[in-house]
Amino acid sequence: MNDALSNLMHEDRRFPPPAELAASANVTAEAYDRATQDREAFWAEQAERLDWGRKWDRVLDWDNPPFAKWYTGGTINASVNCVDRHVAAGRGDKVAIHWVGEPADDTRDITYAQLQDEVSRAANALTELGVVKGDRVAIYLPMIPEAVVTMLACARLGAPHTVVFGGFSADALASRIVDCGAKVVVTADGGYRRNAPSALKPAVDEAVAKTDGLVEHVLVVRRTGQEVAWNDSVDVWWDDVVARQSSEHTPKLHDSEHPLYVMYTSGTTGKPKGILHTTGGYLVGTSYTHWAVFDLKPDTDVYWCTADIGWVTGHSYLVYGPLANGATQVLYEGTPDSPHKGRWWEIIEKYGVTIFYTAPTAIRTFMKWGDDIPAKYDLSSLRVLGSVGEPINPEAYVWYRSTIGGDRCPVVDTWWQTETGQILISPLPGVTEAKPGSAQVPLPGIAADVVDDDGNSVPDGHGGYLILREPWPAMLRTIWGDDERYKDTYWSRWPGVYFAGDGAKKDEDGDIWVLGRVDDVMNVSGHRLSTTEIESALVSHPKVAEAAVVGAADETTGQAVCAFVILRDSAAGDTSDIVAELRNHVAKEIGAIAKPRQVMVVPELPKTRSGKIMRRLLRDVAENREIGDVTTLADSSVMSLIQSGLSSND
Ligand code: 6R9
């Protein structure tokens with residue numbers, strides 16, 4: 001490993017689990033050994049957490065790899081496991097969802113009994129609209145309870161849903177509807193975003209017009225009350241159809257491998273991949289990890305995952321995992337800065353949130369806004385903090401732990417993907433001595449490793465590619481309608497091994513540090529450099545709020561490091577030579593090899609709606625190319641903002 005790569009591993013702060021948490025933790029160290037000794041027995045044991053109709057014959061059928069089948073012969077209903085069984089067990093009055101609308105006074109507490117009624121009504125309504133088992137339903141909704149209700153109603157019927165994030169364009173929606181052949185779309189007139197109603201229905205109208213009569217019905221929730229165009233032969237109001245249904249619905253059991261949902265995610269080509277998840281294994285994987293990684297105590301915890309339902313995190317750790325575990329959770333409709341920058345902390349204080357799960361990009365934004373904002377709220381209810389979506393740089397981790405977690409809450413840095421369905425690598429809050437910046441250890445029952453170009457496991461202290469050697473319950477089963485692409489994308493690089501597409505390192509203790517997508521790894525003068533590592537160095541400078549690094553083509557060095565930085569508000573008006581200062585800072589932190597060729601101070605970074613920095617666009621800027629496709633940007637004006645600003649600080 002070259003010297004530059006070792007920078008991240010010089011992070012020597014360590015945080016042992018709080019004694020009290022360790023003493024009563026759901027999972028202790030012994031689980032790792034037990035799972036290693038007999039992986040299938042371990043996953044059989046975890047499946048007992050759920051209510052099955054018929055019990056499975058085989059835990060895992062891996063006779064035809066890479067096509068896995070879990071709990072074969074078993075029958076199960078995901079909706080019953082997430083709702084009915086809690087009511088049947090006498091927990092009907094327990095709050096399932098504290099829903100917080102964006103307009104501040106707009107809230108609803110929904111108990112498990114109420115959720116059961118609503119899911120049953122929605123299942124009856126979908127049936128009336130002609131949805132039968134196996135049909136696909138597209139969901140394009142804001143973060144309102146109807147989104148959860150519709151997903152569970154689909155699961156109840158065995159009609160796979162495909163949730164399309166509300167910020168996606170009509171074209172993106174249309175291509176997803178067509179790819180999975182959805183006959184019904186569930187949407188709303190609009191949703192609230194930063195204090196203003198924002199329309200959804202027009203995009204659906206435009207998308208439906210492009211699907212050649214495929215969509216038979218559009219079921220529309222009235223959320224904002226704004227004007228909508230109406231087509232009587234297709235459109236129906238939720239209030240008209242769902243409200244008059246019976247709140248009784250007798251669910252059927254589905255095969256363990258029955259499709260539960262399709263979630264589209266971007267690949268290296270332009271065509272999104274429809275990641276298929278099925279029922280039994282997915283529910284085992286998500287419910288077990290939600291319980292283990294967050295140490296969930298369903299009777300006392302109040303859990304909040306800030307992800308949008310339109311992403312996999314919203315599916316696994318807002319809908320299926322927490323509800324299967326009978327948790328009480330917060331569901332928030334709006335943005336963190338509406339109506340003020342303390343809104344999230346206000347919600348934590350109000351509902352006594354104990355477990356909080358968010359993304360590094362949000363954490364860095366809060367750092368930028370300043371410590372005084374969270375300081376105004378009582379965050380003492382918190383006991384476990386989670387991070388997901390990208391590598392969390394140590395500075396953001398430590399800020400999160402201390403400023404939000406009061407130096408008392410363990411932070412779990414959870415690595416997983418749309419494809420993996422469940423968290424695969426993460427510290428356990430009652431077991432692992434945490435290292436800022438590292439996802440650390442594969443969970444019990446998970447066989448993750450870091451390998452070199454030839455697929456050989458790298459020794460501790462070395463870097464390579466992150467892979468999985470054994471199937472896991474919530475893994476994707478295929479790419480919808482494209483088994484070949486599934487095999488090629490994930491299973492073709494090394495025989496019998498799942499390639500996640502991420503680079504990673506093992507430190508001297510064997511802990512895993514995920515470095516980001518391998519396409520984000522640069523090669524500068526023959527040295528491998530990680531964008532994450534340099535970003536981390538930049539963000540450790542007191543004047544920097546956020547940084548994105550790309551490798552731009554360079555005649556002499558192959559690639560050169562180009563950094564885009566957002567300065568902290570406190571650095572405003574600073575007239576020193578910040579560019580030279582930051583270049584030297586990186587050289588000092590990592591080594592001269594990592595010194596950026598260019599440092600560009602920008603007001604914003606281009607991000608997808610799930611908060612991932614679109615480095616591809618920054619590479620276009622760095623290489624003086626015309627900017628490529630910006631349709632998946634959360635805010636499409638960001639690129640012009642960056643470019644107009646650059647001419648002034650070149
Ligand atoms: C859950 C989710 C997956 C990609 C993944 C990796 C990055 C996610 C991470 C992380 C480092 C973590 N990623 N969690 N990298 N540390 N804790 O985000 O799914 O949207 O499919 O993204 O995100 O690069 O390959 P998805």
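Residues numbered from 1 in each chain as written. Predicted model: local features only at pLDDT ≥ 70, side-chain atom pairs only at ≥ 80, totals over all residues. Heavy atoms only, no water.

Q: Explain the overall build of the protein here, please?
A: Of the regular secondary structure elements, the protein holds 20 helices and 30 strands. A globule of 650 residues ought to have a C-alpha radius of gyration of about 26 Å, and the protein, at 24 Å, matches this closely. With the C-alpha coordinates aligned to their principal axes, the bounding extent of the protein is approximately 70 × 60 × 50 Å. Scored against the burial criterion, the 650 residues of the protein give a buried share of 61%. Residue pairs in contact within the protein that sit at least 24 positions apart in sequence constitute 70% of those at least 6 positions apart. Averaged over its 62 positive side-chain charges, the protein has a centre that lies 1 Å from the centre of its 91 negative ones. (Helix = DSSP H or I, 4+ residues; strand = E, 2+ residues; numbered from the N terminus. Rg over C-alpha atoms; globule rule 2.2 N^0.38 Å. Buried < 20%, exposed > 50% of the residue type's maximum accessible area, 1.4 Å probe, protein only. Contact = heavy atoms within 4.5 Å. Lys, Arg positive; Asp, Glu negative; His and termini not counted. Charge placed at Lys NZ, Arg CZ, Asp CG, Glu CD.)

Q: Which parts of the structure should I look at to understand the pattern of salt bridges?
A: Here the idea is simple: oppositely charged side chains can pair when their charged atoms come close. Counting across every chain of the model gives 42 salt bridges. Ionic pairing is found between Asp61 and Arg58, a salt bridge with its closest N-O pair at 3.9 Å. On the accessibility criterion, Asp61 (15% relative accessible area) is buried. Taking the shortest distance from any N to any O, the salt bridge between Arg222 and Asp239 comes out at 4.0 Å. Remark: Asp239 occurs in helix H9 (residues 238-241) and Arg222 occurs in the loop between strand S11 (217-221) and strand S12 (235-237); sequence separation between them is 17 residues. Looking at Arg222, the relative accessible area reads 45%, which means it is partly exposed. On the basis of relative accessible area, Asp239 is assigned to the partly exposed category, the value being 42%. Taken together, the shared-partner salt bridges connect Asp295, Lys297, Asp301 and Arg383 into one network. (Salt bridge = Lys/Arg side-chain N within 4 Å of Asp/Glu carboxyl O.)

Q: Teacher, can you tell me more about the site of the ligand here?
A: Lining the immediate environment of the ligand, one finds 16 residues, of which Asp413, Thr414, Thr418, Asp502 and Arg517 sit closest. In this structure, a nitrogen atom belonging to the ligand sits 3.4 Å away from a main-chain N or O atom of Pro391. In the complex, 91% of the free accessible area of the ligand, which totals 530 Å², lies under the protein chains. If you list the elements that add at least two residues to the shell around the ligand, you get helix H11 (312-324) and strand S25 (512-517). Looking at the shell around the ligand, its residues break down into six nonpolar, five polar and five charged. (Near = heavy atom within 4 Å. Polar contact = N/O pair within 3.5 Å; in protein donor to acceptor, adjacent residues only side chain to side chain. Areas by Shrake-Rupley, 256 points an atom, 1.4 Å probe, with all protein chains shown as cover. Nonpolar A, V, L, I, M, F, W, Y, C, P; charged D, E, K, R; others polar.)

Q: Help me understand the sheet that holds strand S18 (residues 355-358), please; the structure alone is not making it clear to me.
A: Taking strand neighbours across the sheet as the criterion, the seven strands line up as S5-S4-S17-S16-S18-S19-S20 in an open arrangement whose pairing is mixed. With one partner strand each, in any of the chains shown, strand S5 (107-111) and strand S20 (411-413) form the two edges of the open sheet. Direction aside, the axes of adjacent strands within the sheet are offset by 20° on average. Here strand S4 (residues 95-100) runs beside S5; their pairing, made up of five bridges, is antiparallel. (Pairing = 2+ DSSP bridges. Axes fitted to C-alpha atoms, helices over the stretch in contact; angles between N-to-C directions.)

Q: Any chance you could explain the packing of aromatic side chains here in plain terms?
A: The description of an aromatic ring pair rests on the distance of the ring centres and on the angle between the ring planes. For the coordinates displayed, the defined rule picks out 38 aromatic pairs. With 6.3 Å between their ring centres and 85° between their planes, Trp304 and Tyr332 make a pair best called edge-to-face. Taken together, the residues span a long stretch of sequence, with Trp304 in strand S16 (residues 302-305) and Tyr332 in strand S17 (residues 328-332) at a distance of 28 residues. Judged by its relative accessible area of 1%, Trp304 falls in the buried class. Ring centres of Tyr465 and Trp494 lie 5.6 Å apart, and the angle between their planes is 45°; this geometry places the pair in the tilted category. Separated by 29 residues along the polypeptide, Tyr465 in strand S22 (residues 463-468) and Trp494 in the loop between helix H16 (483-491) and strand S24 (498-506) bring together distant segments of the chain. (Phe/Tyr/Trp six-rings, centres within 6.5 Å; stacked < 30°, edge-to-face > 60°.)

Q: When you look at the packing of helix H7 (residues 170-180) against helix H8 (residues 201-209) in this model, what are you seeing that I'm missing?
A: Geometry of a packed helix pair, given as the angle between the helix axes and the separation of the axes. Contact geometry of H7 with H8 gives a least axis separation of 8 Å together with a crossing angle of 50°. In terms of orientation, H7 lies oblique with respect to H8. H7 and H8 meet at a crossing whose hand is right-handed. On the side of H7, the interface is formed by Ala170, Leu173, Ala174 and Ile177, while H8 contributes Ala203, Val204, Glu206 and Ala207. Each residue belonging to the contact of H7 with H8 can be placed in one class, and the counts come to seven nonpolar, no polar and one charged. (Parallel < 35°, antiparallel > 145°, perpendicular 65-115°, else oblique. Left-handed = near helix turned anticlockwise from the far one by under 90°.)

Q: Is there a simple way to think about the packing of helix H10 (residues 280-293) against H11 in this case?
A: The geometry of H10 relative to H11 is characterised by a closest axis approach of 8 Å and an angle of 85° between their N-to-C directions. If you check the angle between H10 and H11, you find them roughly perpendicular. Note on element contacts: H11 touches H10 through His315, Ser316, Tyr317, Tyr320, Gly321, Pro322 and Ala324, opposite Tyr282, Leu283, Gly285, Thr286, Ser287, Thr289 and His290. Taken together, the residues of the contact of H10 with H11 break down into six nonpolar, eight polar and no charged.

Q: Quick question: what am I supposed to make of H8 here?
A: Every α-helix winds through 3.6 residues per turn, so residues three or four apart in the chain are directed the same way. Taken together, the buried positions of H8 are occupied by Lys201, Ala203, Val204, Ala207 and Val208. Around the axis of H8, the buried residues are gathered within 155° of arc, so they sit on the same side. Those residues of H8 hidden inside the fold are in contact with strand S6 (136-140), H7, strand S8 (182-188), strand S10 (196-199), S11 and S12. (Arc of directions from axis to C-beta.)

Q: What is the right way to look at unusual backbone geometry in this model?
A: Backbone phi values are negative for most residues with the exception of glycine, while trans is the configuration of most peptide bonds. Omega for the bond connecting Pro65 with Pro66 falls within 30 degrees of zero, at 5°, which places this linkage in the cis form. Mapped onto the secondary structure, Pro66 falls in the loop between strand S1 (58-64) and strand S2 (67-72). Ser338 connects to Pro339 through a cis peptide bond whose omega is 0°. For Tyr71, which is not a glycine, the phi torsion comes out positive at approximately 55°. Examined against the element boundaries, Tyr71 turns out to sit in strand S2. A relative accessible area of 0% means that Tyr71 is categorised as buried.

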